[in-house]
Amino acid sequence: MSFEKIDKNNIPHHVAVIMDGNGRWAKKRGMKREYGHRAGRKSVKKIIESCLELGIKNLTLYAFSTENWNRPKIEIDFLMQLLFLSLKGELKNLNKNNIKFDTIGNLNRLPKKIGNYLEKVRLETKKNSKLTLTLALSYGSRNEIVNVVREVSDKVKNNIISSKNIDETVINDHLYTRNLPDVDLLIRTSGEKRISNFLLWQIAYSELYFTKKLWPDFRKKDLYKAIVSYQNRERRFGKTSEQIK
Ligand code: FPP
């Protein structure tokens, strides 16, 4: 699929990706899972570049789920270190390319060194505006929704908000993603057709795209393919086809 095939007037505003298949990619090569994660980092770079070229304004990547804490400690440590070194190596590039960095998820569970560094990168890139790159780290959508319920009910208890006024906007405004638009296109690699506790509220009207490509093999042309597929669908948001036209 080529860049030219994409309608530049119908670019998704927000693309989210479940980057899956690093482990299998490594296993196929007789290597350890860590080798796959390192290769997955290259795909992350390529896809960010591609978002900049296409004018996609928001990219959200599922880098570490709440469930991933159950993996062997050695793999968790490796992923954390890879994240830390990648951010350290890329901070200049983020600013050079006008990329705003953010995270969603429960950062309190991350090692302090990583948490502090994430905050530093967030602060040092917060004025950038070409692309918002959000990493979901220690993220789980059900947990996010539980937190929203807690915060909103506290506000009701303290008379800051009346329960009658709780609507979708109120919920939205308490999600980690409060500053992001709804997800237009959700991509999952590696052939699995699951959402795995990612952005459950935010994908209510998203187009879902599944590809068999393993994440370390995912390249710009694969993103183009996903976008062309998105552009060929009719998003009706519950209306009829005639109403949309
Ligand atoms: C899923 O593959 C991938 C992850 C749990 C981690 C994602 C991490 C990266 C792509 C590394 C670089 C990222 C950044 C942001 C620096 P898996 O391990 O579940 O693969 P499997 O399903 O084949 O076992």
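For the structure itself, look to the data block above.
Residues numbered from 1 in each chain as written. Predicted model: local features only at pLDDT ≥ 70, side-chain atom pairs only at ≥ 80, totals over all residues. Heavy atoms only, no water.

Colleague: Any details on the sheet that holds strand S6 (residues 207-210)? Residues and values, ideally.
Modeller: Taking strand neighbours across the sheet as the criterion, the six strands line up as S3-S4-S2-S1-S5-S6 in an open arrangement whose pairing is parallel. Among the strands making up the open sheet, the edge pair consists of strand S3 (99-104) and S6. Put simply, the sheet's adjacent strands are angled 20° from each other on average, direction ignored. Relative to strand S2 (residues 58-65), strand S1 (residues 14-18) runs parallel, the two sharing five bridges. Bridge assignment links Ile18 to a residue of S2, and that residue is Tyr62. Sheet contacts for helix H4 (residues 112-124): S3 and strand S4 (131-139); angle to S3, the most-contacted strand, approximately 140°. Packing against the sheet, helix H7 (residues 220-231) makes contact with strand S5 (185-188) and S6, and its axis sits at approximately 135° to S5. (Pairing = 2+ DSSP bridges. Helix = DSSP H or I, 4+ residues; strand = E, 2+ residues; numbered from the N terminus. Axes fitted to C-alpha atoms, helices over the stretch in contact; angles between N-to-C directions. Contact = heavy atoms within 4.5 Å.)

Colleague: Please provide a residue-by-residue account of the site of the ligand, values included.
Modeller: Among the 18 residues in the neighbourhood of the ligand, the closest are listed as Asp20, Gly23, Arg24, Arg33 and Arg71. Between the ligand and the protein, one listed contact pairs an oxygen atom with a side-chain N or O atom of Asp20 at 3.0 Å. Arg24 places a main-chain nitrogen or oxygen 2.7 Å from an oxygen atom of the ligand. Relative to its free-state accessible area of 620 Å², the ligand is covered by the protein chains to the extent of 90%. Taken together, the residues that form the shell around the ligand break down as six nonpolar, seven polar and five charged. (Near = heavy atom within 4 Å. Polar contact = N/O pair within 3.5 Å; in protein donor to acceptor, adjacent residues only side chain to side chain. Areas by Shrake-Rupley, 256 points an atom, 1.4 Å probe, with all protein chains shown as cover. Nonpolar A, V, L, I, M, F, W, Y, C, P; charged D, E, K, R; others polar.)

Colleague: Could you give an account of helix H3 (residues 73-96), with specific residues and numbers?
Modeller: Over its 24 residues, H3 extends 35 Å from the first C-alpha to the last, a length consistent with the 34 Å expected when each residue adds 1.5 Å. Along its length, H3 shows its largest kink, about 50°, at Glu90. Turning to H3, its buried residues number three or more, namely Glu75, Ile76, Phe78, Leu79, Met80, Leu82, Leu83, Phe84, Ser86, Leu87, Leu91 and Leu94. Residues of H3 that are buried sit in contact with helix H2 (33-54), S2, S3, H4 and S4. In the segment just after H3, Asn98 is the residue with positive phi, at about 60°. (Expected span 1.5 Å × (residues − 1). Bend = angle between axes of the 7 residues up to and from the residue. Buried < 20%, exposed > 50% of the residue type's maximum accessible area, 1.4 Å probe, protein only.)

Colleague: I'd like to hear about the packing of H2 against H3, residue by residue, with values.
Modeller: At a closest axis distance of 11 Å, the pairing of H2 and H3 adopts a crossing angle of 25°. One finds that H2 runs roughly parallel with respect to H3. In this structure, H2 crosses over H3, and the sense of that crossing is right-handed. Two secondary-structure elements touch here, H2 through Arg33, Glu34, His37, Arg38, Arg41 and Lys45 and H3 through Ile74, Glu75, Phe78, Leu79, Leu82, Ser86, Glu90 and Asn93. For the contact of H2 with H3, the residue count by class is four nonpolar, three polar and seven charged. (Parallel < 35°, antiparallel > 145°, perpendicular 65-115°, else oblique. Left-handed = near helix turned anticlockwise from the far one by under 90°.)

Colleague: I'd like a rundown of the nonpolar core, residues and numbers included.
Modeller: Of all hydrophobic cores here, the largest spans 45 residues; its most connected members are Val17, Leu54, Leu59, Phe101, Leu133, Leu185 and Ile187. The greatest single-element share of this core, amounting to eight residues, is contributed by H3. Residues contacting Leu59, with those up to four places away along its chain left out, are Val15, Val17, Ile47, Ile48, Cys51, Leu131, Thr132, Leu133 and Thr134. (Core = buried A, V, L, I, M, F, W, Y, C linked by side-chain atoms within 4.5 Å.)

Colleague: Got a sec to walk through the packing of aromatic side chains? Specific residues and values, please.
Modeller: If you walk through the whole model with that rule in mind, you get ten aromatic pairs. Aromatic pair Tyr139 and Tyr176: ring centres 6.2 Å apart, planes at 55°, arrangement tilted. Taken as a pair, Tyr139 in strand S4 and Tyr176 in the loop between helix H6 (168-174) and S5 lie far apart in primary sequence, 37 residues in all. Residue class for Tyr176 comes out partly exposed when judged on its relative accessible area of 27%. In this structure an aromatic cluster arises from ring pairing among Tyr62, Tyr139, Tyr176 and Phe198. Taking the ring centre of Trp25 as reference, the NZ or CZ of Arg29 above it sits at 3.8 Å. One cation-aromatic arrangement involves Lys113 over Phe84; the distance from NZ or CZ to the ring centre is 4.2 Å. (Phe/Tyr/Trp six-rings, centres within 6.5 Å; stacked < 30°, edge-to-face > 60°. Lys NZ or Arg CZ within 6 Å of the ring centre and 35° of its normal.)

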